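As a plain string of letters, each chain reads:
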Amino acid sequence: MICARPASGSVRRSTAPRADASPQDKAQASGALFGYLLGLVEHKERQPGDDLISRLLTERVAKGELSREEAAMNGMILLFAGHETTANMIGLGTLALLRHPDQAARIRDTDDPAVVANAVEELLRYLSIARDMIVRVATEDLTIGGQLIRAGEAVTVNLPAANRDTAFLDQPDTVDLGRNTRGHLAFGYGIHQCLGQNLARVELQVALPALLRRLPGLRLAVPLEDVKFRHDMSAYGVHELPAAW
Ligand code: HEM
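All values reported here derive from a predicted model rather than from experimental measurement. (Residues numbered from 1 in each chain as written. Predicted model: local features only at pLDDT ≥ 70, side-chain atom pairs only at ≥ 80, totals over all residues. Heavy atoms only, no water.)

J.: Describe the overall build of the chain, naming the residues involved and giving the relevant values.
T.: Within the chain, the regular secondary structure consists of seven helices and seven strands. On the principal axes, the C-alpha backbone points of the chain span a range of 55 × 55 × 35 Å. Per-residue burial for the chain yields a buried fraction of 36% across its 245 residues. Entry remark: accessible area of the chain is about 14400 Å², with carbon and sulfur atoms responsible for 55%. On the chain, the mean spot of the 27 positive side-chain charges and the mean spot of the 30 negative ones are 4 Å from each other. (Helix = DSSP H or I, 4+ residues; strand = E, 2+ residues; numbered from the N terminus. Buried < 20%, exposed > 50% of the residue type's maximum accessible area, 1.4 Å probe, protein only. Areas by Shrake-Rupley, 256 points an atom, 1.4 Å probe, with all protein chains shown as cover. Lys, Arg positive; Asp, Glu negative; His and termini not counted. Charge placed at Lys NZ, Arg CZ, Asp CG, Glu CD.)

J.: So what about the nonpolar core? Which residues, and what values?
T.: Within the largest apolar cluster, 28 residues are counted, with the highest numbers of intra-cluster contacts made by Leu97, Leu123 and Leu127. Among the secondary structure elements, those contributing two or more residues to this core are helix 3 (68-99), helix 4 (101-108), helix 5 (113-127) and helix 7 (197-214). Apart from the residues lying within four places of it in its own chain, the contact partners of Leu127 are Met89, Leu92, Gly93 and Ala96. Judged by nonpolar contacts, the second largest core, of 11 residues, contains Leu37, Leu38, Val41 and Val61. (Core = buried A, V, L, I, M, F, W, Y, C linked by side-chain atoms within 4.5 Å. Contact = heavy atoms within 4.5 Å.)

J.: Could you give an account of the coordination of the iron atom of the ligand, naming the residues involved and the relevant values?
T.: Here the protein supplies the iron atom of the ligand with just one donor, Cys194 (SG), and that contact is 2.3 Å long. Within the secondary structure, Cys194 is located in the loop between helix 6 (159-163) and helix 7. (Donors = N, O, S within 2.8 Å, 3.2 Å for Na, K, Ca; no water.)

J.: With reference to specific residues and values, describe the site of the ligand.
T.: Close to the ligand lie 25 residues; Ala81, Thr85, Arg136, His192 and Cys194 are nearest. Between the ligand and the protein, one listed contact pairs an oxygen atom with a side-chain N or O atom of Arg136 at 2.7 Å. Taking a 2 Å distance to the grid points as the criterion, the majority of the atoms of the ligand fall inside the largest pocket. For the shell around the ligand, the elements supplying multiple residues, two or more each, are helix 3 and helix 7. Looking at the shell around the ligand element by element, the count peaks at seven residues for helix 3. When the residues that make up the shell around the ligand are grouped by side-chain class, the tally is 17 nonpolar, seven polar and one charged. (Near = heavy atom within 4 Å. Polar contact = N/O pair within 3.5 Å; in protein donor to acceptor, adjacent residues only side chain to side chain. 1 Å grid on protein atoms, 1.4 Å probe; cavity = no way out; pocket = protein on both sides within 12 Å on 5 of 7 lines; lining within 4 Å. Sits in = over half its atoms within 2 Å of the grid points. Nonpolar A, V, L, I, M, F, W, Y, C, P; charged D, E, K, R; others polar.)

J.: Any chance you could break down the packing of helix 1 (residues 23-46) against helix 2 (residues 52-61) for me, citing the residues and the numbers?
T.: One can describe the packing of helix 1 onto helix 2 by two numbers: an axis separation of 9 Å at closest approach and a directional angle of 70 degrees. By the angle class used here, helix 1 and helix 2 are roughly perpendicular. For the element pair helix 1 and helix 2, the recorded crossing hand is right-handed. Contact residues: helix 1 offers Leu40, Val41, Lys44 and Glu45, while helix 2 offers Ile53, Ser54 and Leu57. In the contact of helix 1 with helix 2, the residues fall into four nonpolar, one polar and two charged. (Axes fitted to C-alpha atoms, helices over the stretch in contact; angles between N-to-C directions. Parallel < 35°, antiparallel > 145°, perpendicular 65-115°, else oblique. Left-handed = near helix turned anticlockwise from the far one by under 90°.)

J.: Please set out the pairing of strand 7 (residues 241-244) residue by residue, giving values where relevant.
T.: Because side chains alternate across strand 7, one face comprises the buried residues Leu241 and Ala243, and the other comprises Pro242 and Ala244, equally buried. Two elements, strand 6 (residues 219-220) and strand 7, share two bridges in a ladder whose sense is antiparallel. Its bridge partner lying in strand 7, Leu220 is registered against Ala243. (Pairing = 2+ DSSP bridges.)

J.: Kindly report on the pattern of salt bridges, identifying the contributing residues and their values.
T.: Throughout the structure, instances matching the rule amount to 11 salt bridges. Between Glu45 and Arg68 there is a salt bridge, and its shortest N-O distance comes to 2.9 Å. In this pair, Glu45 is assigned in helix 1 and Arg68 in helix 3, connecting sequence segments 23 residues apart. On the accessibility criterion, Glu45 (34% relative accessible area) is partly exposed. With a relative accessible area of 38%, Arg68 lands in the partly exposed category. The shortest N-O distance in the salt bridge between Arg179 and Glu122 comes to 3.1 Å. One end of the pair, Arg179, is in the loop between helix 6 and helix 7; the other, Glu122, is in helix 5, with 57 residues separating them in the sequence. Taking the relative accessible area as the measure of exposure, Arg179 reaches 16% and is therefore buried. (Salt bridge = Lys/Arg side-chain N within 4 Å of Asp/Glu carboxyl O.)

J.: Residue-level account of the packing of helix 4 against helix 7, with values.
T.: One can describe the packing of helix 4 onto helix 7 by two numbers: an axis separation of 9 Å at closest approach and a directional angle of 105 degrees. Classified by the angle their axes make, helix 4 and helix 7 are roughly perpendicular. Here Ala104, Ile107 and Arg108 of helix 4 lie close against helix 7, whose contacting residues are Leu208, Pro209, Leu212 and Arg213. Split by residue class, the contact of helix 4 with helix 7 holds five nonpolar, no polar and two charged.

Structure below.
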């Protein structure tokens, strides 16, 4: 989350899922959030509005295609998979651009949407904010890197490592918004790859140039060492990004 100085204030992201929470705390927090969303579904049933939950109710629940519980669960998925990810990508992406003004200029100074789209792909690769959410179960015995994985065993996949693999591209620890980074794995791979990836791309292609153009003097208001990174959260990012312009 970006917080601003001198038009100062501090906005913190506090309702996000913590990676280091105990399974009991996670279950309790998920239960509480689900309860809230179920209450919201019931409220929207009584007072529909121009919003997603109301549309789910009239278009799907009323026809018997979804239960109320499934509508609430859809709200939870959108909150975590859709909002948490993109919001963190905007915050962390902004920080990366502030640290590399020459790269920020590529986005700010172009009127070619293809240049911005390409730059966003490289930011997605370089930052790889989805870190520990890829879990797969082997359906048959297989060997990867000399390691036998038996059918039924779970495997977690480290997307940041894959995106910084020198077999994939040269100088992976460098951010270069002009290069072609097609094939990166920031949205995962295979049948479960991110359902909202094109929406996320559009959000980033709109938000980052708009921010840089509206606030050309945007800069970090604290030393980098004082920025609090979300090592403790499921989606990587910054807890807050103090900025000035
Ligand atoms: C920068 C933003 C985003 C990133 C980095 C991201 C990343 C990911 C990753 C890594 C996965 C797991 C893929 C896999 O298991 O192979 C995933 C799944 C998913 N994402 Fe995203 N995502 C983003 C934005 C969104 C948005 C905006 C939405 C919806 C509005 C969304 C909805 C989903 C859903 C529903 C899944 C589960 C797909 C499945 O299991 O079949 N994501 N995302």
